[in-house]
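An overview of the molecular structure
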Amino acid sequence: MKARFEETFQGVSAAEIAEMEQALIREGLPVEEVQNLCDVHAAVFKGSIQEIHHPQKVDEIPGHPLHTFKLENREIEKLLEEIKINLEGFLQDDRSENIALLQKNLKSLREIDKHYSRKENLLFPLLEKYGISAPPKVMWGVDDEIRSAIKEAINQLSDYNGGKEQVEQNVAAIINKVNEMIFKEENILFPMAIETLTEDEWLSVAKESQEIGFCLTGPQGEWKPVNINVEAKVQEEGERLADGYIRFETGLLSPEEISLIFNTLPVDITFVDRDGAVKYFSQNKDRIFPRTKTIIGRNVANCHPPASVHIVEKIIEDFQAGRRDQEEFWLRMGPRYVYIRYFAVRNAEGQYLGTMEVTQDIQPIQEIAGEKRLLDELISSK
């Protein structure tokens with residue numbers, strides 16, 4: 001395929017690759033099928049993208065989000081080399097010391113989740129604003145495959161009782177997939193983002209990145225764009241000066257009080273309007289699932305991995321049709337026991353206004369035993 005490609009094509013840009021994937025999905029090819037071919041087309045396109053496409057140099061500016069993404073990729077590559085060496089040692093002698101060393105570095109590789117989360121929650125929503133949705137969907141699916149493979153390999157080593165070949169196969173697949181993803185990011189995703197996003201949008205990515213965190217390294221400085229959105233700044237200041245109290249049936253509150261109340265609640269809240277656009281989320285300090293301001297206005301279907309998006313769409317469809325008013329799930333996430341509930345929000349006439357997601361760690365609640373009365377607290381304080 002690579003030889004045929006080189007004979008047929010004179011060159012291809014990152015934008016053209018995105019358009020190809022978009023067209024295939026629009027014509028009915030499932031995202032998963034494009035995802036399965038992702039490694040193939042990355043290998044085929046390698047030389048041509050590097051030779052034809054010349055991205056701007058913003059990714060060389062310390063503190064710029066792309067500079068940080070690339071710094072992380074260099075650290076990930078170093079870690080992958082260490083894992084290769086660990087794997088070779090393990091294959092020669094699978095004693096406990098070699099198992100522990102391989103497992104330790106695989107656990108360090110789990111930090112890649114922060115790199116992928118920033119990409120999925122910050123870059124993808126902005127690209128979708130410009131109609132670029134197919135490549136992000138495909139890439140998100142591969143990201144999830146990598147996350148699952150790392151977790152599986154760590155668990156396999158925790159319960160290891162023989163079977164070097166399976167460990168070798170799994171770890172080698174992780175190394176290959178992560179390296180391929182680095183190539184796709186730096187030769188397809190990042191150049192496409194440079195061509196598409198404005199300085200103000202890059203600034204929002206830089207600001208929001210801190211909330212998700214970084215992988216193995218961090219920004220090497222603070223990047224400031226040359227231009228600022230003066231119109232947005234003036235509008236924001238005008239709205240701030242015009243802030244007033246909002247009256248409810250049961251009282252009145254200032255916008256600041258409302259925001260602080262929602263952010264103090266021991267639950268995470270996200271609201272999706274009647275058209276499926278994310279309109280609001282609370283931001284308490286112990287939020288279970290990361291949210292960034294770039295998801296505001298984003299279609300909820302694009303905020304979930306391809307593997308689970310159909311479930312969310314079905315819930316909202318049932319809410320809109322009035323078939324049900326509530327759905328709930330619960331799952332283990334490390335020490336947390338996460339309880340996720342979806343509620344249809346309707347007005348007094350029963351019209352559907354949107355969906356509210358409420359997420360809570362109920363592990364501390366399940367551990368409650370006996371009684372603790374307010375009076376007991378008052379007596380002990382005296």
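Reference entry: report on the structure contained in this document. (Residues numbered from 1 in each chain as written. Predicted model: local features only at pLDDT ≥ 70, side-chain atom pairs only at ≥ 80, totals over all residues. Heavy atoms only, no water.)

Here we look at the sheet that holds strand S6 (residues 336–346)
The strand order across the open sheet built from 5 strands is S4-S3-S7-S6-S5, with neighbouring strands paired in antiparallel fashion. Strands at the two margins of the open sheet, each flanked by one partner only, are strand S4 (278–281) and strand S5 (326–333). Looking at each pair of strands side by side, their axes are set apart by 15 degrees on average, direction ignored. Relative to strand S7 (residues 352–361), strand S3 (residues 268–273) runs antiparallel, the two being bridged by 6 bridges. By the bridge assignment, Asp273 is partnered in S7 with Gly354. Sitting on the sheet, helix H13 (residues 309–321) is in contact with S5, S6 and S7, with an inclination near 35 degrees to S6. (Pairing = 2+ DSSP bridges. Helix = DSSP H or I, 4+ residues; strand = E, 2+ residues; numbered from the N terminus. Axes fitted to C-alpha atoms, helices over the stretch in contact; angles between N-to-C directions. Contact = heavy atoms within 4.5 Å.)

What to know about helix H9 (residues 164–196)
Along its 33 residues, H9 runs 46 Å from first to last C-alpha, staying within 8% of the 48 Å computed at 1.5 Å per residue. At Glu185, H9 shows its strongest bend, of approximately 40 degrees. (Expected span 1.5 Å × (residues − 1). Bend = angle between axes of the 7 residues up to and from the residue.)

Observations concerning the side chain of His64
Tracing the chain through its elements places His64 in the loop between helix H4 (38–52) and helix H5 (65–92). A polar atom in the side chain of His64 sits 3.1 Å from the backbone nitrogen of Leu66. When near neighbours in sequence (up to four residues on either side) are disregarded, His64 contacts Val58, Trp202 and Trp223. (Polar contact = N/O pair within 3.5 Å; in protein donor to acceptor, adjacent residues only side chain to side chain.)

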